[in-house]
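Descriptive structure summary
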Amino acid sequence: MSISFAMAGGRQEATRDVTFSVSPGERIGVVGESGCGKTITGLSLLRLLPEDVAHISGRLDFMGVDLATCGQEELRGIRGRRIGMIFQEPMSALDPVFTVGEQIAEGLRAHGNMSRAEARDRALEALRSVGIAAPEKRYHAYPHQLSGGMRQRVMIAGAMVCNPQLLIADEPTTALDVTVQAQILELLRDLSDRGNMALLFITHDLGVVAETCTRMLTMYAGEIVEDADVDAALEHPLHPYTSGLLRALPRLSARRSALPSIPGRVPVLGQMPAGCRFRQRCPFAVDGCERPQALLDAGNGRRVRCWRFGDLALPGVAA
Amino acid sequence: MNEAPTPTLSVRDLRIEFAAAERGATVKAVDGVSFDIFKGETFGLIGESGSGKTTIGRAVVHLVEPTAGVILHDGVDPATLSSREFRAARRAWQIVFQDPNAALNPRSTILTSVMEPLAVAGVGSAEERRVAAVQAMARVGLPDEIGARYPHQLSGGQKQRVVIARTLTMKPELIVCDEVVAALDMSIRGDVLNLFAELQRELGLTYLFITHDLSVVSHISDRIAVAYLGRLVELGPAEAVTEAPIHPYTRALLSAEPAPLPSHMRTGARILLEGEIPSPINPPSGCYFRTRCGHAVDLCVHRAPDWREIARGHWAACHFAEQFRDEETAASAEAGAKHQGG
Ligand SMILES: Nc1ncnc2c1ncn2[C@@H]1O[C@H](COP(=O)(O)OP(=O)(O)OP(=O)(O)O)[C@@H](O)[C@H]1O
Ligand SMILES: Nc1ncnc2c1ncn2[C@@H]1O[C@H](COP(=O)(O)OP(=O)(O)O)[C@@H](O)[C@H]1O
Ligand code: SF4
Ligand code: SF4
Ligand SMILES: [Mg+2]
Ligand SMILES: [Mg+2]
């Protein structure tokens, strides 16, 4: 799948050849620097990008339905029902003029023919299941009356109430404190384990991925550069960018030593270098890296976008 | 025995209250905090949002008036200075915030922004200010030609360097760093943290480093203080606080930090806290942490624990701090023995 935007200077490709699959019960973490295409990839799966400027090419196959081309009717049946989504800033996704309970119950009634009382009971149950104490009281609260962690739980309750087969979560804990984050991560893991729900978890926090996900997709400048089991990616990254991100983590360097960083910055849209997009920042770049890089099969279900992966022994977190 | 040096900064029983949105109510943003910071030290301050970190930082550089308590710089209370002396002295106490965009005027060139504080303070001639600004930019690794650019033409890391350069023109001795890398991408956080460390070594700077990121604070700090609802719950050498924490809140905070480690290297059970930080308008009675603490007993409801030294240089406020310290000592002795035996 590729996403491009119509911009002043012409059409710009924001992501290119993003190909992956997620199975029931699998939890995929999507990581990478700001602007590398994580959010728009998530939004595109629900066709939530502005259709007038954004163009999606490729296939988005959800249990036999191509989400990129299916009709609005079919899309509405899937969006919010079989695929749920939670966002980084819950305030923008919740309607300030309705109580949180009403919003969840309304969402339910919009999708199935359900009585008011039944929707109310299911909404209360959903609030309870995400760890909200005294849900009968919270049902009547407006979003601004709740703390950030509480609002995020309400969002999750709203997304979970229809038992989606896939949940897309875009930085759902970035704005929260670590103790509240730990509660939310536990909740998401638990929901996916119990309900066999697939999870696409977008974050820039590798610790969160390590604790929550089974697989890790690393994105750089609009492309997937590595796809591997979380443990494998952390211990033996195959792409120099993944390795660089892992080495930049403060926790793993000796106290007060200099931290490694990745020099330079992500190329901006419209100025993508030909060949390997990481080339300007890669310490292993050689002649040959100026050729376009395909996402290569690295065995054991791993994929990597670097032709040198077999020659490089890159440090991971354990090194 | 040598006499202890005068701390660069002494904070004594600092209290700061704000009028809350609800009529008549007050927010106790800082509720009796004391600590010292010594020259050349990096003092880390951690805690969840709303715990009062930013308010403490702002008070230290006199951007907010304490409701009670004193703040001494090199043993001197700025309240005793004439307003002229105070204006000159306060240049040595600077603060850097999280968002470099908010700190830089989008319509000013970088050089103008870096020179601005000197111009406001009326220091030197225009040419002297330009030279000082260019030097400060070189100091933080920004080439000359960046001076002609505007903020939107710079990356986040470069903008934060500009803000640091601007601070350096004031020749500060103490810098409060409030979440200075939080807005930066992980790949360049290291760069900015390395810069802070380098400036400290070369210029003898003292830092009050505020963050909610435990991996950052444990990497750079000499000592760490942990804040909860406007009070300190623990303070000690960085190793002790991160590796042998005494207070139940510190333990929960550390165990909540997601570790970027493969499953077989992850250790330790997680202490999951229930609920969220209570409102500072209406804090719990007794120990402020009791509503979320797994060890709370009746005593914790009725009496606030004393802030006391539990081990050398290691302070905590919990009724059972001595017991938790002994458990921690026993656990690490056991781990040591196992290590030796194996
Ligand atoms: N509506 C739009 N029009 C034009 N360009 C866009 C639009 N939305 C996103 N982009 C561009 O697409 C690229 C990817 O953006 P995206 O929001 O997916 O990044 P991200 O990886 O989620 O970053 P972050 O970590 O900051 O959230 C960026 O270069 C962004 O500027
Ligand atoms: N100017 C203000 N007016 C009213 N309340 C404030 C003001 N500044 C801070 N507070 C409150 O004081 C408490 C501590 O805030 P702050 O110091 O910003 O915490 P932190 O930096 O640890 O997140 C919070 O409850 C906050 O809402
Ligand atoms: S293709 Fe070359 S430049 Fe790109 S990541 Fe591999 S080694 Fe580095
Ligand atoms: S004083 Fe009581 S409630 Fe407070 S931290 Fe100690 S055990 Fe917990
Ligand atoms: Mg995003
Ligand atoms: Mg703050």
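Model, not experiment: these values are computed from the prediction.

**Overview of the domain arrangement of chain A**
Residue and element names in this part refer to chain A.
- Taken domain by domain, chain A comprises domain 1 (2-213) and domain 2 (224-304).
- For domain 1 versus domain 2, the separation of C-alpha centres amounts to 28 Å.
- Residue-level contacts link 14 residues of domain 1 with 13 residues of domain 2.
- Across the domain 1/domain 2 interface, buried area totals approximately 1,300 Å², and carbon plus sulfur atoms make up 61% of it.
- On the domain 1 side of the contact with domain 2, Arg-16, Glu-33 and Leu-206 bury the most area, a combined 41% of that side's loss.
- Linking domain 1 with domain 2 are one salt bridge, by the criterion used here.

**Some words on the pairing of strand 9 (residues 198-202) of chain A**
Residue and element names in this part refer to chain A.
- The buried count for strand 9 comes to five of five residues, which makes it a mostly enclosed element.
- Neither face of strand 9 is open: one carries Ala-198, Leu-200 and Ile-202, the other Leu-199 and Phe-201, and all of them are buried.
- Pairing analysis gives four bridges linking strand 3 (residues 27-31) to strand 9, with the strands arranged parallel. Directly across from Ile-28, in strand 9, lies its bridge partner Leu-200.
- In this view, the connection linking strand 8 (residues 166-170) to its parallel neighbour strand 9 by way of helix 8 (residues 178-195) has right-handed handedness.

**A short note on the sheet that holds strand 9 of chain A**
Residue and element names in this part refer to chain A.
- Pairing within the open sheet is mixed, and its eight strands lie in the order 7-8-9-3-10-11-13-12. In the strand order of this sheet, the two ends are held by strand 7 (83-86) and strand 12 (296-299), each with one partner. Averaged over all neighbouring strand pairs, the angle between strand axes comes to 20°, with direction disregarded.
- In terms of strand pairing, strand 10 (residues 215-220) meets strand 11 (residues 223-229) through six bridges, oriented antiparallel. In the strand pairing of strand 11, Met-216 is matched with Ala-228.
- Sheet contacts for helix 7 (residues 148-160): strand 7 and strand 8; angle to strand 7, the most-contacted strand, approximately 170°.
- Lying over the sheet, helix 11 (residues 240-247) contacts strand 10 and strand 11, oriented at roughly 105° with respect to strand 10.

**As for the interface of chain B and chain A**
- Opposite the 47 residues of chain B that make contact, chain A presents 45 residues.
- Summing both partners gives a buried area of about 3,800 Å² for chain B against chain A, and 52% of it is carried by carbon and sulfur.
- Where chain B packs against chain A, one counts one salt bridge.
- Put simply, Arg-270 of chain B and Glu-211 of chain A hold a salt bridge, and the shortest N to O gap is 2.9 Å.
- Where chain B meets chain A, there are 15 residue pairs in polar contact (both at pLDDT 80 or more).
- Counting only elements with at least two residues in the side of chain B that touches chain A, the list comes to helix 7 (186-203), helix 8 (214-220), helix 9 (238-243) and helix 10 (248-256) of chain B.
- Among the elements that make up the side of chain B that touches chain A, the one with the highest residue count is helix 7 of chain B (eight residues).
- Per-class residue counts for the side of chain B that touches chain A are 18 nonpolar, 17 polar and twelve charged.

**Digging into the domain arrangement of chain B**
Residues and elements named next belong to chain B.
- Under the domain assignment used here, chain B contains domain 1 (1-229) and domain 2 (244-342).
- One C-alpha centre belongs to domain 1, the other to domain 2; they are set 29 Å apart.
- Taken together, the contacts link 19 residues of domain 1 with 16 residues of domain 2.
- Here domain 1 meets domain 2 over a buried area of about 1,500 Å², counting both sides, of which 66% is carbon and sulfur.
- On the domain 1 side of the contact with domain 2, Leu-214, Tyr-228 and Leu-229 bury the most area, a combined 46% of that side's loss.
- The interface formed by domain 1 and domain 2 contains one salt bridge.
- Salt-bridge contacts for Glu-48 lead to Arg-292; the nearest nitrogen and oxygen are separated by 3.3 Å.
- At the junction of domain 1 and domain 2, the tally comes to five residue pairs in polar contact (both at pLDDT 80 or more).

**Considerations on the site of ligand 1**
Residue and element names in this part refer to chain A.
- Every residue near ligand 1 is listed here: Phe-5, Met-7, Ala-14, Glu-33, Ser-34, Gly-35, Cys-36, Gly-37, Lys-38, Thr-39, Ile-40 and Leu-269.
- At a separation of 2.7 Å, an oxygen atom of ligand 1 approaches a polar backbone atom of Gly-35.
- Protein coverage of the free-state accessible area of ligand 1, which is 650 Å², stands at 66%.
- Taken together, the elements giving at least two residues each to the shell around ligand 1 come down to strand 1 (2-7) and helix 1 (38-45).
- If you tally residues by element for the shell around ligand 1, the top one is helix 1, at three residues.
- Residues belonging to the shell around ligand 1 are distributed by class as follows: six nonpolar, four polar and two charged.

**Thoughts on the confidence of the model for chain B**
- With 97% of its residues at a pLDDT of 70 or more, chain B shows a mean pLDDT of 91.
- Of all the helices and strands in chain B, helix 12 (residues 321-341) of chain B carries the lowest mean pLDDT, 80, while strand 11 (residues 314-316) of chain B carries the highest, 98.

**Quick look at the pattern of salt bridges**
- Under the criterion given, the structure shown has 34 salt bridges over all chains.
- With a closest N to O distance of 3.3 Å, Arg-47 of chain A and Glu-51 of chain A form a salt bridge.
- Residue classification places Arg-47 of chain A among the buried residues on the basis of a relative accessible area of 12%.
- In this structure, Asp-31 of chain B and Arg-15 of chain B form a salt bridge, with 3.0 Å as the shortest nitrogen-oxygen distance.

**Examining the packing of helix 4 (residues 110-121) of chain B against helix 5 (residues 126-139) of chain B**
All names here are of chain B.
- For the pair helix 4 and helix 5, interaxial distance at closest approach is 9 Å and the crossing angle is 120°. The angle between helix 4 and helix 5 places the two elements in the oblique class. By crossing handedness, the relation of helix 4 to helix 5 is classed as right-handed. Contacts between helix 4 and helix 5 involve Ile-110, Leu-111, Val-114, Met-115, Leu-118 and Ala-119 from the first element and Arg-129, Arg-130, Ala-132, Ala-133, Val-134 and Met-137 from the second.
- Split into classes, the residues belonging to the contact of helix 4 with helix 5 amount to ten nonpolar, no polar and two charged.

**With respect to the sheet that holds strand 2 (residues 26-37) of chain B**
Residue and element names in this part refer to chain B.
- The strand order across the open sheet formed by three strands is 2-1-4, and the pairing between neighbours is antiparallel. At either margin of the open sheet sits one strand with a lone partner, and together these are strand 2 and strand 4 (68-73). Going from strand to strand, the sheet's axes swing by 25° on average, the running direction of each strand aside.
- Inspection of the sheet shows strand 1 (residues 9-19) paired to strand 2 by nine bridges, in the antiparallel sense. Counted as the bridge partner of Ala-19 is Thr-26 from strand 2.
- The strands touched by helix 1 (residues 53-60) are strand 1, strand 2 and strand 4; relative to strand 1, the strand with the most contacts, the crossing angle is about 120°.

Reading guide: rules and limits
Residues numbered from 1 in each chain as written. Chains lettered and ligands numbered in written order. Predicted model: local features only at pLDDT ≥ 70, side-chain atom pairs only at ≥ 80, totals over all residues. Heavy atoms only, no water. Domains from an automatic or database assignment. Contact = heavy atoms within 4.5 Å. Buried area = accessible area lost by both parts, 1.4 Å probe. Salt bridge = Lys/Arg side-chain N within 4 Å of Asp/Glu carboxyl O. Buried < 20%, exposed > 50% of the residue type's maximum accessible area, 1.4 Å probe, protein only. Helix = DSSP H or I, 4+ residues; strand = E, 2+ residues; numbered from the N terminus. Pairing = 2+ DSSP bridges. Right-handed = clockwise from strand over helix to strand, strands pointing away. Axes fitted to C-alpha atoms, helices over the stretch in contact; angles between N-to-C directions. Polar contact = N/O pair within 3.5 Å; in protein donor to acceptor, adjacent residues only side chain to side chain. Nonpolar A, V, L, I, M, F, W, Y, C, P; charged D, E, K, R; others polar. Near = heavy atom within 4 Å. Areas by Shrake-Rupley, 256 points an atom, 1.4 Å probe, with all protein chains shown as cover. pLDDT = per-residue confidence, 0-100. Parallel < 35°, antiparallel > 145°, perpendicular 65-115°, else oblique. Left-handed = near helix turned anticlockwise from the far one by under 90°.

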